[in-house]
Amino acid sequence: MAKQEFIRVRRDMPPGHVRTPAYLRGKTGWIERTLGPFPNPEQLAYGHQAQSLPLMRVRFTMAEVWGADAPYPDDTIDAEIYAHWLEPAEPPNAP
Amino acid sequence: MPHDHHDHLSPSGHPYRPDDDHPLTYWQQMEIAIRELLIEKGVTTAAEINAQIDAMDSRSPANGAAVVARAWTDPAFRDALLADASVASRDMGFDIGPMKLIAVENTADVHNVIVCTLCSCYPRNLLGLPPDWYKSRAYRSRTVKEPRKVLAEFGVNLPDTTTVRVHDSTADMRYIVIPARPAGTDDWSPDALARLVTRDSMIGTGIAKAPESV
């Protein structure tokens, strides 16, 4: 996992049809695989011209999402996050 | 009069439950209104809608069970399924429409479970309609927070040495779990193996049935 490229989900809370789960915003993970491109649902949902975006499967540890005292910190959550929600990040818990 | 004394009991001796009839909800009315408008405006027809409902009703977990059983017995198909489950399912002859499917494989070290925290995304085009509990707030919220407790309530108790991977179906992809193949089935045919593959085992809330159970 040391060689992984880490990315963080933006912490924003915009209104509208957003498919980035709130519980993952601000959390850091790594890309499990890249999918797409798919039309941006935030535009598609309102009948607007939708931008094509890469869709990332991002893997998070339970420790990152729920805190270091999560009972099984190394279990993981994978979620599909559109590229415009992701920004480069340092590894979680970096010294 | 026969009903004088036991109005509250059915002939079987059990209490009557109240009917759950209720007026249409807002969204039920909206669905009917939009469906009728689409037909009136000639966008679709009642026959097309019925055909689509029939097509959905004809899909069942048996489709997914056949896919899993083939993955267990055909290594090239297993690799193709893990690489692109939509293409592999279509090549096997299943009409899954535009669905984009990812298959994740349970092994001795990893157990996968699928949830959609935002709504109720489910691989309907392969497995048919989801179970009601899959759409419940409890399943959707708890599976990402305490998956092992949820799995234990389904009767799946995993050792600490197994990593649990929760897959939150948040966007365009749908997911199917390839459960671990039960021991003692080495000489079984794909058709026989498919009978061991339950709906829940393909969601990850169950495991495949034991060979002696069928």
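Cut-offs and rules
Residue indices begin from 1 for each chain and proceed along its sequence in written order. Both sets of labels track the order of writing: A upward for chains, 1 upward for ligands. Only residues with pLDDT of at least 70 are given local features in this predicted model, and only at 80 or more are side-chain atom pairs given and counted; all residues enter the totals for whole chains, interfaces and linings. Only hydrogens and water are removed before side-chain values are computed, so all heavy atoms of the structure are retained for them. Think of it this way: any DSSP run of H or I at least four residues long counts as a helix, any run of E at least two long counts as a strand, and we number them from the N terminus. Two residues form a contact once any of their heavy atoms are found within 4.5 Å. In protein, a polar contact requires one atom able to donate a hydrogen and another able to accept it; more generally it is a pair of N or O atoms within 3.5 Å, and residues adjacent in sequence count only if both atoms are side-chain atoms. Paired rings are identified among Phe, Tyr and Trp, the last through its six-membered ring, by centres lying within 6.5 Å, and are further divided according to the angle between planes into stacked (under 30 degrees), edge-to-face (over 60) and tilted (the rest). Under the scheme applied here, a residue whose accessible area is under 20% of the maximum for its type counts as buried, over 50% as exposed, and between as partly exposed, the area being computed with a 1.4 Å probe on protein chains only. Accessible-area loss on putting two parts together, using a 1.4 Å probe and summing over both, is the definition of buried area adopted here. For salt bridges, the criterion is a side-chain nitrogen of Lys or Arg within 4 Å of an Asp or Glu carboxyl oxygen.

Take the environment of Ser 169 of chain B next. With respect to the helices and strands, the residue Ser 169 of chain B is situated in the loop between strand E3 (163-168) and strand E4 (173-178). C-alpha of Ser 169 of chain B to C-alpha of Cys 121 of chain B: the two residues are 48 residues apart in sequence and 6.3 Å apart in space. Each residue touching Ser 169 of chain B, except ones within four places of it in the same chain, is listed here: Glu 80 of chain A together with Val 115, Cys 116, Cys 121, Arg 174 and Tyr 175 of chain B. There is a polar contact of 3.1 Å between the side chain of Ser 169 of chain B and the backbone oxygen of Met 173 of chain B.

A separate point is the packing of aromatic side chains. Counted under the stated rule, the structure contains nine aromatic pairs over all chains. Plain terms: the ring middles of Tyr 23 of chain A and Trp 66 of chain A are 5.7 Å apart, the flat faces sit at 5° to each other, and that makes the pair stacked. Within this pair, whereas Tyr 23 of chain A is found in the loop between strand E1 (6-9) and strand E2 (28-39), its partner Trp 66 of chain A is found in helix H2 (residues 62-66), the two being separated by 43 residues in sequence. Residue Tyr 23 of chain A is classed as buried on the basis of its relative accessible area of 18%. By relative accessible area, which is 28% here, Trp 66 of chain A ends up partly exposed. Each ring, one from Trp 133 of chain B and one from Tyr 134 of chain B, has its centre 6.4 Å from the other, and the planes form 65°; the classification is edge-to-face. On the accessibility criterion, Trp 133 of chain B (23% relative accessible area) is partly exposed.

At the interface, 25 residues of chain B touch 20 residues of chain A. Here chain B meets chain A over a buried area of about 2,000 Å², counting both sides, of which 51% is carbon and sulfur. For the pair chain B and chain A, the interface holds one salt bridge. With a closest N to O distance of 2.8 Å, Asp 75 of chain A and Arg 148 of chain B form a salt bridge. Inspection of the chain B/chain A interface yields 19 residue pairs in polar contact (both at pLDDT 80 or more). For the side of chain B that touches chain A, the secondary structure elements donating two or more residues are strand E1 (100-105), helix H7 (137-145), helix H8 (147-153), E3 and E4 of chain B.

Such coordinate-based values are descriptive only and should not be taken to indicate function.
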